[in-house]
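Commentary on secondary and tertiary structure
Now for the letters of each chain:
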Amino acid sequence: MSIKSMTGFANVAGECGSKRINLEIRAVNHRYLDVQFRMPEDLRHLEGALREQIAAAAARGKLECRIQVQDIAQGGQSLAVNQDLVAQLAQLNKQWRKQHGDLGKLGVADILKFPGVLASQNEDGETFAKTVQALLSQALQDFGAARQREGRKLAEHLLERLAAMEVIIDTLKEQFPALLQAHMDKVRSRLAEAVGNIDNDRLQQEFALFIQKSDVDEEFSRLRTHIAEVRRIVNEGKGSAGKRLDFLMQELNREANTLGSKAIAAECTQASVELKVLIEQMREQVQNIE
C-alpha cells in the first residue's frame, strides 16, 4: 500500500436506453470529506446511495460529482408513448384554448417533445439507477488509481526530504564535540584576557553547566524517532495518514526550533534553518495527503 493524494480526477460515460450518461469526479484537498453533486433534479433521489458509494472510497477531500444526461438517437429501439400523459396534455390544451382564445393547438411534434411522453420500452427507473451507480463505481476505481499515482509522487517527495534531514543530523552530531571544544577554548581565552588568573575549579563548573544546557543528544534522538515514524506511515499508507503526518510535521518543527535555540556555533544555527526548510516543504505536501 501507499499513501493517497486527496486530489484526483475521473470521467466515464455509458448508455441506458435512449440516454447517454456522462459522470465526472474531481477532488481537491480538504480537512474532511465534503461531497457535492451537480446532476439533473430527476436524479436527486439517488443522491443518498451515491454519497454512500463515495464515502466508502474516500475519507477526506472536497469532492464534486457531476452527472449529465443526454438524449441519443433511438436507432432500432422500440419506442413507447405515455398515452395517459398525452391525454392530459390534450385535455389541458383544449381547456386553455376555451379560456384563452389566442392559444393555438398542440401539434404532434409539440407533444412528443414534452418530457416523459416518448421513452424507450426497455428504459425504466430501476435500470437507469443501476446504470448510474455502476458508472460511479467505475469512476471511483479510476479516481482511486489516479490518487494512488499522485500519492506515490508525494511519498517520493517526503522520503527524499527525510533522507536529507538525516544527513544534516548525522553531520552536525559528528561535528558537535569539536564545535563544543572550540567554543570552550574561546571562552577560556577570553576569560584569561579579562581576569588574568582563572580559578580552574570554577571554570570547570561553568563549563559543566554550559555543556548540560547545550546538550542536543535528546533533540537528535527525538528528531530521528519522528523521522522513522513519518517514514513508516508513508511506506505503509494505512488509515488517515495525512492527519498523523501533519501532527508529526509540528513535532519535527518543534525539535528543530529547540536545536536552534541551543546553538553554540554558526553550524548549529544553519542546521536548524535547513531542517525547518525541509520540514516546511514536507508540510505543504502533507496537506494533500488523505
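Shown above is the structure to which this text applies.
A brief report on the enclosed structure follows. Being a predicted model, the structure only gives us computed values, none of them experimental.

1. Focus on the overall build of the protein chain
- Summing up its helical and strand segments, the protein chain has 8 helices and 6 strands in all.
- Mapped from its N terminus to its C terminus, the protein chain presents α and β elements in the order β-β-β-α-β-β-α-α-β-α-α-α-α-α.
- Here the protein chain holds 290 residues, and the buried ones make up 35% of them.
- The contacts of the protein chain with a sequence gap of at least 6 include a subset with a gap of at least 24, amounting to 79%.
- Within the structure as shown, the protein chain displays about 16800 Å² of accessible surface, and the carbon and sulfur contribution to it stands at 49%.

2. Structural notes on the sheet that holds strand 2 (residues 19–28)
- The 4 strands are arranged 1-2-4-3 in an open sheet whose pairing can be described as mixed. Both edges of this open sheet fall to strand 1 (8–16) and strand 3 (33–38), since each of them pairs with a single strand only. The mean inter-strand angle of the sheet, taken between neighbouring strand axes irrespective of direction, is 15°.
- Of the pairings in the sheet, the one linking strand 2 to strand 4 (residues 61–71) comprises 10 bridges and is antiparallel in character.

3. Details of the layout of surface pockets
- Of the volumes computed, that of the second largest pocket is approximately 160 Å³.
- As for the second largest pocket, its lining consists of Met6, His30, Arg31, Tyr32, Arg60, Gly242, Lys243, Asp246, Val286 and Gln287.
- Ranked by the residues each element gives to the lining of the second largest pocket, the list is headed by helix 7 (residues 241–261), at 3 residues.
- For the lining of the second largest pocket, the class distribution of residues is 3 nonpolar, 3 polar and 4 charged.

4. Points about the side chain of Arg161
- Among the secondary structure elements, Arg161 is positioned in helix 4 (residues 125–195).
- Note on Arg161: relative accessible area 18%, which makes it buried.
- Among the polar contacts made by the side chain of Arg161, one reaches the side chain of Gln281 at a distance of 2.9 Å.

Reading the values: rules and limits
Residues numbered from 1 in each chain as written. Predicted model: local features only at pLDDT ≥ 70, side-chain atom pairs only at ≥ 80, totals over all residues. Heavy atoms only, no water. Helix = DSSP H or I, 4+ residues; strand = E, 2+ residues; numbered from the N terminus. Buried < 20%, exposed > 50% of the residue type's maximum accessible area, 1.4 Å probe, protein only. Contact = heavy atoms within 4.5 Å. Areas by Shrake-Rupley, 256 points an atom, 1.4 Å probe, with all protein chains shown as cover. Pairing = 2+ DSSP bridges. Axes fitted to C-alpha atoms, helices over the stretch in contact; angles between N-to-C directions. 1 Å grid on protein atoms, 1.4 Å probe; cavity = no way out; pocket = protein on both sides within 12 Å on 5 of 7 lines; lining within 4 Å. Points joined across faces, edges and corners; volume = space filled by probe spheres on them. Nonpolar A, V, L, I, M, F, W, Y, C, P; charged D, E, K, R; others polar. Polar contact = N/O pair within 3.5 Å; in protein donor to acceptor, adjacent residues only side chain to side chain.

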